[in-house]
Amino acid sequence: MTHLAFLPFLVPFLAAALLLLVPGEARKAQRAASLGATLLGLVLSVALVAAVSDGSILVYRLGDWAAPFGIVFVADRLSAMMVLLLFALAVPALLAAMRGIDGRGLHFHALFQFQLAGIAGAFLTGDLFNLFVCFEILLIASYALLLHAGGLERTRAGLTYVALNLVGSALFLVGLGLLYGTMGTLNLADLAFRLPTVAASDVPLVRVALVLVALVFLLKAAVFPMAFWLPHAYAAATVPVAALFAIMTKVGVVALLRLAVVALPDSAAGAGLLSPWLQVLALGTILLGTVAALAARRLAVTAASLVLVSSGTLLFAVADAREAATAALLYYLPHTTLATAGLFVLAGIIAAERGDLADRLVRGAAMARALPIGLAFALLALAVSGMPPLSGFLGKLMLMQGAGSGGWQPAWWAALLVSGLVAALVLARTASVLFWEPREAAPPRGRLPVPPAALLLLVLASPALTVAAPAVAGYAGAAAGQLHARVPYMVAVVGAGPDIPREVRP
Amino acid sequence: MELLLALGIGLLVGCGVWLALASRTFPVILGLTLIGYAVNLLIFFGGRIGASAPPLALPGATGLADPLPQALVLTAIVIGFGMTAYFVALALKGIGESGVDAVDLPASRDDTGEEP
């Protein structure tokens, strides 16, 4: 099926446009359409993974304009896997909204679908300017979703989030403008062909442009010191939005990974562009997230701090830029995304069970459903902190073995082990406050605002990734191999080489 | 010509950054708008500087204009315009809800985690 590489973007995009036409009172119709589109996206992304799992690279030319002149969508193992992860996360996140949260503001489902379209497009596109457009689609949707359900706290978080991302967009455009002015192309594969032959006088300008683009990806991935917006924004968002946002930082990580592995190697302009300062910043991010988790006084803030830790962990593996590190990263990434999303959903359920205390980490009334919630908490805590036997442990083990070359091993192992230990301590302390030290008897059982199915799906993700570890790790290894081979990707997108005569400088 | 344009873009960015660092929302919006203008000019001149050149390869034409930066800058202008409008609406919402005109609104009880 030739359109398969484009459909994961098109389906949510069309669904969003159609959902805007459904009147706000027809909530059942909205829910059905939104869930249907998301499930269709899930089916399509499974088909996409099946189509590329033999190593083929699907290139979809919009309007049949050949790259680098037209825009292409490229599905390789990495992008197919990320799209599948997106829709696997979107189903529970959407379910979490189905019991009334979606009615606390306008156009929740349309915005949700726009966000899915933007993220799927960002994973699939092979063109840097199109990546900017997809970033903007997902950002515009996220600005509005962050403010969903209103309230001063969300406005407060939204103002800083929007201002910061507007600056980020401006930096992205400056980088793209410089890159186009010097290289004459914004297609990633074409860029990879041309970077080694760039004139020596242009190298400084190209390096500035590439660093600016990388900085924007790092802002999205919330690297230290551009990370302080994240705990604030994620903890203020409603449950389904926070769960979906768990994959937003990974958009930055994957975009940077692709840029670093496909475009930068073997060229004077790309040499030493990310390493070693990215390693330092990644370790700083892990440290910041760990300290923030210790200082958190709400469970949602704890979860957001652990998103920072996972971002730092993934970025360190990106900076390492070896195939083994990428393979470990690609196994750890789905695990950490789904587990932290689960923690956000759990925080929402606990907040509802405790009434006025919400998810603040102070002793209060017991919970009416303490046993199932406690079990879910225990599983998620094991997964997030990387304790055996769940997939967090396997992922961290692979990362310890795969990343940390070039004298970084002591710092890398210390950062991984200490952050895991602190996460375990923080979550154990949280559990004892929430579950074991109630001051009063439990209030009567109310209806949960979040369907338990949403939590169940996310809680079971880590055991599933553990049981399926050989298959998932095998796929991640193959995806890393395909990414690091570079040339098949470049040839699939723009053909055998830069034989198209183009005048770059007049 | 290049120097003049570069200095103009630099001046716009400088003013924009100065304004964007303010603590009230209105200067921040103006500053981000100025940065947006500067960025649009930068992309626009990323193609080349000149006038009256055809965008297509016509027989006998001497120079060529690059149409791509014009398409890029059009996209960037539209997106920047929408984003600015949203930020203005958000700033007004912040002022309405808190009574304070500030990018960093005062924290409410929820955020500090104090016991009620």
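Given the structure is predicted, the values throughout are model-derived calculations rather than measurements.

Chemist: Please explain the overall build of chain A as it appears in this structure.
Modeler: In terms of regular secondary structure, chain A is built from 21 helices and two strands. Here the C-alpha atoms of chain A give a radius of gyration of 22 Å, agreeing with the 23 Å that 2.2 N^0.38 yields for 506 residues. Seen along its three principal axes, the alpha-carbon backbone of chain A occupies a region of about 75 × 55 × 40 Å. Burial status across chain A gives 63% buried among its 506 residues. Here the analysis covers contacts within chain A between residues at least 6 apart in sequence; of these, 81% occur between residues at least 24 apart. If the 29 positive side-chain charges of chain A are averaged to one point and the 20 negative ones to another, these points end up 10 Å apart.

Chemist: Got a minute to help me understand the nonpolar core in this structure?
Modeler: As a rule of thumb, soluble globular proteins bury nonpolar side chains together. Core analysis: the largest hydrophobic core is formed by 219 residues, its most contacted members being Tyr234 of chain A together with Phe87 of chain B. The element that contributes the greatest number of residues to this core is helix α14 (residues 323-353) of chain A, accounting for 17 residues. Residues within four places of Phe87 of chain B in sequence aside, it is in contact with Leu159, Val162, Ala163 and Leu166 of chain A together with Val28, Ile29 and Leu32 of chain B.

Chemist: What's the story with the layout of surface pockets in this structure? I'm lost.
Modeler: Which parts of space are left empty comes out when a probe the size of a water molecule is rolled across the atoms. Here the largest pocket defines a volume of roughly 910 Å³. Forming the boundary of the largest pocket are 32 residues, of which Phe69 and Tyr180 of chain A together with Asp66, Pro67 and Leu68 of chain B lie nearest the centre. Elements represented by at least two residues in the lining of the largest pocket include exactly α5 (128-146) and α6 (152-183) of chain A together with α2 (25-47) and α3 (67-98) of chain B. Counted by class, the lining of the largest pocket contains 18 nonpolar, nine polar and five charged residues.

Chemist: Hey, could you run me through the packing of α14 of chain A against helix α16 (residues 391-402) of chain A in this one?
Modeler: Geometrically, a packed helix pair is captured by the angle between its two axes and the distance between the axes. Residues and elements named next belong to chain A. Following both chains from N to C, one finds α14 and α16 inclined at 160°, their axes separated by 8 Å at the closest point. By the criterion of interaxial angle, the relationship of α14 to α16 is roughly antiparallel. Between α14 and α16 lies a crossing whose hand is left-handed. Facing α14, whose interface residues are Ala324, Ala325, Ala328, Leu329, Tyr331, Tyr332 and His335, α16 presents Ser391, Gly392, Leu394, Gly395, Lys396, Met398, Leu399 and Gly402.

Chemist: How should I be thinking about empty space enclosed by the protein in this particular structure?
Modeler: All names here are of chain A. Across all of its chains, the model carries three cavities of 30 Å³ or more by this definition. Estimates place the volume of the largest cavity at around 130 Å³. Taken together, 13 residues line the largest cavity, and the ones lying closest to its centre are Ala122, Thr125, Leu131, Ala255 and Arg258. If you list the elements that add at least two residues to the lining of the largest cavity, you get α4 (108-124), α5 and α11 (248-263). Among the elements that line the lining of the largest cavity, the one with the most residues is α11, at four residues. Here the residues of the lining of the largest cavity are counted per class, giving nine nonpolar, two polar and two charged. Roughly 110 Å³ of volume is contained in the second largest cavity. Residue lining of the second largest cavity: 14 residues in total, with Leu306, Val309, Ser310, Tyr332 and Val384 positioned closest to the centre. Looking at the lining of the second largest cavity, the elements with two or more residues in it are α13 (299-320), α14, α15 (370-385) and α17 (409-436).

Chemist: I would appreciate a short explanation of the environment of His232 of chain A in the present structure.
Modeler: Here His232 of chain A lies in helix α9 (residues 229-236). With residues up to four places along the chain from it excluded, the contact list for His232 of chain A reads Glu153, Arg156 and Ala157 of chain A.

Chemist: Sorry, what's going on with unusual backbone geometry here?
Modeler: Residues and elements named next belong to chain A. Following Ala67, the chain continues to Pro68 via a peptide bond in cis, the omega torsion being 5°. Structurally, Pro68 is set in the loop between β1 (58-61) and β2 (72-75). Residues other than glycine seldom take positive phi values, yet Asp64 does so here, at roughly 55°. Mapped onto the secondary structure, Asp64 falls in the loop between β1 and β2. For Asp266, which is not glycine, the phi dihedral falls at a positive 60°. Under the relative-accessibility criterion, Asp266 is labelled exposed at 66%.

Chemist: Help me out: how do you make sense of the confidence of the model for chain B in this one?
Modeler: Detailed conclusions should not be drawn from predicted coordinates in areas where pLDDT is low. Residues and elements named next belong to chain B. Averaged over all residues, the pLDDT of chain B is 84; the fraction at 70 or higher stands at 91%. The element-level mean pLDDT for chain B is lowest in helix α4 (residues 109-112), coming to 48, with helix α1 (residues 2-20) highest at 94. Ignoring residues within four places in sequence, the model shows residues 109-116, a span with pLDDT below 50, making 16 contacts including any to other chains.

Chemist: Would you mind showing me how to read the side chain of Thr249 of chain A here?
Modeler: All names here are of chain A. Position of Thr249 among the secondary structure elements: in helix α11. Residue classification places Thr249 among the buried positions, given a relative accessible area of 0%. Setting aside chain neighbours within four positions, we find Thr249 in contact with Lys220, Ala221, Ala222, Leu230, Tyr234, Val307 and Ser311.

Chemist: So what exactly am I meant to see when it comes to the packing of α6 of chain A against α2 of chain B here?
Modeler: Two elements in contact, α6 of chain A and α2 of chain B, have axes separated by 8 Å at closest approach and are oriented at 15°. On the basis of the axis angle, α6 of chain A is roughly parallel to α2 of chain B. Relative to α2 of chain B, α6 of chain A is oriented so that their crossing is left-handed. Two secondary-structure elements touch here, α6 of chain A through Leu159, Ala163, Leu166, Val167, Ala170, Leu173, Val174, Gly177, Leu178, Tyr180 and Gly181 of chain A and α2 of chain B through Thr25, Leu32, Ile35, Val39, Leu42, Ile43 and Gly46 of chain B. Each residue belonging to the contact of α6 of chain A with α2 of chain B can be placed in one class, and the counts come to 14 nonpolar, four polar and no charged.

Chemist: Looking at this structure, I do not really get the interface of chain A and chain B. What am I missing?
Modeler: Much of the literature gives interface size as the accessible area that the parts lose upon coming together. At the interface, 37 residues of chain A touch 39 residues of chain B. In total, chain A and chain B occlude about 3500 Å² of area from one another, counting both sides; carbon and sulfur atoms represent 70% of this. Of all residues in chain A, the largest losses of buried area upon contact with chain B belong to Arg156, Leu159 and Tyr180 of chain A, amounting jointly to 20% of the total for that side. For Asp104 of chain B, the salt bridge is made with Arg156 of chain A, and the minimal N-O distance between the two is 3.5 Å. For the pair chain A and chain B, the number of links is four residue pairs in polar contact (both at pLDDT 80 or more). Elements supplying a minimum of two residues to the side of chain A that touches chain B: α5 and α6 of chain A. Looking at the side of chain A that touches chain B element by element, the count peaks at 18 residues for α6 of chain A. The class makeup of the residues in the side of chain A that touches chain B is 22 nonpolar, seven polar and eight charged.

Chemist: Just checking my understanding: could you explain the pattern of salt bridges for this structure?
Modeler: For side chains of opposite charge, pairing can occur when their charged atoms come near one another. Considering all chains together, one arrives at eleven salt bridges over all chains under this definition. The salt bridge partner of Glu97 of chain B is Lys93 of chain B, with a shortest N-O separation of 3.0 Å. Separated by four residues within a single helix, Glu97 of chain B and Lys93 of chain B lie in helix α3, roughly one turn from each other. The exposure class assigned to Lys93 of chain B is partly exposed, which follows from its relative accessible area of 30%. Look at the salt bridges and you will find they share partners, linking Glu153 and Arg156 of chain A together with Asp104 of chain B into a network.

The rules behind these values
- For every chain, the first residue of the written sequence is number 1, and numbering continues from 1 onward in sequence order.
- Here every chain gets a letter starting at A, and every ligand a number starting at 1, in the order they are written.
- The model is predicted, so local features are restricted to residues of pLDDT at least 70 and side-chain atom pairs to those at 80 or more, both for listing and for counting; the totals for chains, interfaces and linings are taken over all residues.
- In computing side-chain values, all of the structure's heavy atoms are included and hydrogens and water are not.
- We count a stretch as a helix when DSSP gives it H or I for four or more residues in a row; a strand needs E for two or more, and each element gets its number in order from the N terminus.
- The atom set for the radius of gyration is the C-alpha atoms, and the globule formula is 2.2 Å times the number of residues raised to the power 0.38.
- Buried means the residue's accessible area, taken with a 1.4 Å probe over protein chains only, is under 20% of the maximum for its type, while exposed means over 50%, and partly exposed covers the values in between.
- In what follows, a contact means two residues having at least one pair of non-hydrogen atoms within 4.5 Å.
- The positive count covers Lys and Arg only, the negative count covers Asp and Glu only, and His and the chain ends enter neither.
- The location of each charge is read from NZ of Lys, CZ of Arg, CG of Asp or CD of Glu.
- Residue types Ala, Val, Leu, Ile, Met, Phe, Trp, Tyr and Cys, when buried and joined through side-chain atoms within 4.5 Å, form a set referred to as a nonpolar core.
- A pocket, in this scheme, is an open set of points on a 1 Å grid over the protein atoms alone with protein on both sides within 12 Å along at least 5 of 7 lines, while a cavity is a set where a 1.4 Å probe fits but cannot get out; residues line either one if an atom lies within 4 Å of a point.
- Grid points are joined across faces, edges and corners, and a volume is the space filled by probe spheres set on the points.
- For this scheme, ten residues count as nonpolar: Ala, Val, Leu, Ile, Met, Phe, Trp, Tyr, Cys and Pro. Four count as charged, namely Asp, Glu, Lys and Arg, and the remainder, Gly too, count as polar.
- All axes are obtained by fitting lines to C-alpha atoms, using only the stretch in contact for helices, and the reported angles, taken between N-to-C directions, cover 0 to 180 degrees.
- Roughly parallel means an angle under 35 degrees; roughly antiparallel, over 145; roughly perpendicular, 65 to 115; everything else is oblique.
- It is the rotation of the near helix from the far one that decides the hand of a crossing: anticlockwise by less than a right angle makes it left-handed, clockwise makes it right-handed.
- The pLDDT value expresses, per residue, how confident the predictor is, ranging between 0 and 100.
- Buried area is understood as the total, over both parts, of accessible area removed when two parts are fitted together, assessed with a 1.4 Å probe.
- The rule for a salt bridge is simple: a side-chain nitrogen of Lys or Arg has to be within 4 Å of a carboxyl oxygen of Asp or Glu.
- Pairs of N or O atoms within 3.5 Å make up the polar contacts considered here, provided that, within protein, one atom can donate a hydrogen while the other can accept it, and that residues adjacent in sequence are counted only when both atoms are side-chain atoms.

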